Amino acid sequence: CYMLTYPAKITLEHHRPFGKTGLRVPPVMFGSSALGNAFQSNPEQTKRAVVGQWIEHVTPPVSIDTAGKYGAGLALEILGQEVDRYVRSKRAPQL
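How each quantity is defined
- Residues numbered from 1 in each chain as written.
- Predicted model: local features only at pLDDT ≥ 70, side-chain atom pairs only at ≥ 80, totals over all residues.
- Heavy atoms only, no water.
- Helix = DSSP H or I, 4+ residues; strand = E, 2+ residues; numbered from the N terminus.
- Buried < 20%, exposed > 50% of the residue type's maximum accessible area, 1.4 Å probe, protein only.
- Areas by Shrake-Rupley, 256 points an atom, 1.4 Å probe, with all protein chains shown as cover.
- Core = buried A, V, L, I, M, F, W, Y, C linked by side-chain atoms within 4.5 Å.
- Contact = heavy atoms within 4.5 Å.
- Salt bridge = Lys/Arg side-chain N within 4 Å of Asp/Glu carboxyl O.
- Expected span 1.5 Å × (residues − 1).

Asker: With reference to specific residues and values, describe the overall build of the chain.
Answerer: Assigned secondary structure in the chain consists of two helices and four strands. Across the 95 residues that make up the chain, the buried fraction comes to 26%. Put simply, the chain shows about 6900 Å² of open surface, and 59% of that area lies on carbon and sulfur atoms.

Asker: Describe the nonpolar core, listing the residues and the values that go with them.
Answerer: Nonpolar side chains in soluble globular proteins tend to be buried together. Counting residues in each nonpolar core, the largest one holds 10 residues, listed as Ile10, Phe30, Leu35, Val51, Trp54, Ile55, Val58, Ala75, Ile78 and Leu79. Secondary-structure elements contributing two or more residues to this core are α1 (44–57) and α2 (74–90). For Leu79, the residues in contact, after removing those within four places along its chain, are Ser32, Leu35, Val51, Trp54, Ile64 and Thr66.

Asker: Let's hear about the pattern of salt bridges: which residues, and what values?
Answerer: Taken as a whole and assessed by the stated rule, the structure comprises four salt bridges. Put simply, Asp84 and Arg88 hold a salt bridge, and the shortest N to O gap is 2.9 Å. Of this pair, Asp84 and Arg88 both sit in helix α2, separated by four residues, roughly a single helical turn. Asp84 gets classed as partly exposed once you look at its relative accessible area, which sits at 35%.

Asker: With reference to specific residues and values, describe unusual backbone geometry.
Answerer: Of note, the bond from Pro60 into Pro61 is cis; its omega dihedral lies within 30 degrees of zero at 5°. At Asn37, a position not held by glycine, the phi torsion is positive, near 60°. If you trace the backbone, Asn37 turns up in the loop between β3 (29–31) and α1. The partly exposed category is assigned to Asn37, whose relative accessible area is 27%.

Asker: Lay out α1 with the relevant residues and their values.
Answerer: Over its 14 residues, α1 extends 20 Å from the first C-alpha to the last, a length consistent with the 20 Å expected when each residue adds 1.5 Å. Those residues of α1 lying buried are Lys47, Arg48, Val51, Trp54, Ile55 and His57.

Asker: Could you give me a rundown of the environment of Leu35, with the residues and numbers involved?
Answerer: For Leu35, the position within the fold is in the loop between β3 and α1. The buried category is assigned to Leu35, whose relative accessible area is 3%. Residues within four places of Leu35 in sequence aside, it is in contact with Lys47, Val51, Trp54, Leu74, Ala75, Ile78 and Leu79.

Take a look at the structure:
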């Protein structure tokens, strides 16, 4: 068990084996139902900020529980856009 204080980063040393697959995953999985407005309607800017914090504070892979039914696909749409934006921001500039 790890006690993390904000601002913290879940690093590779926190990751643990995922069964016998040889993969190592973080000790936390984020739920994305709120991105699909499951409990209340949240502004898109807030949803993007939440996903950004997940990505910023966990060394990949980031584990996210999602389903196409969360907001009729809205959660997946927000996740896809934010992951794409993150990947693009990490690429080397084209000369």
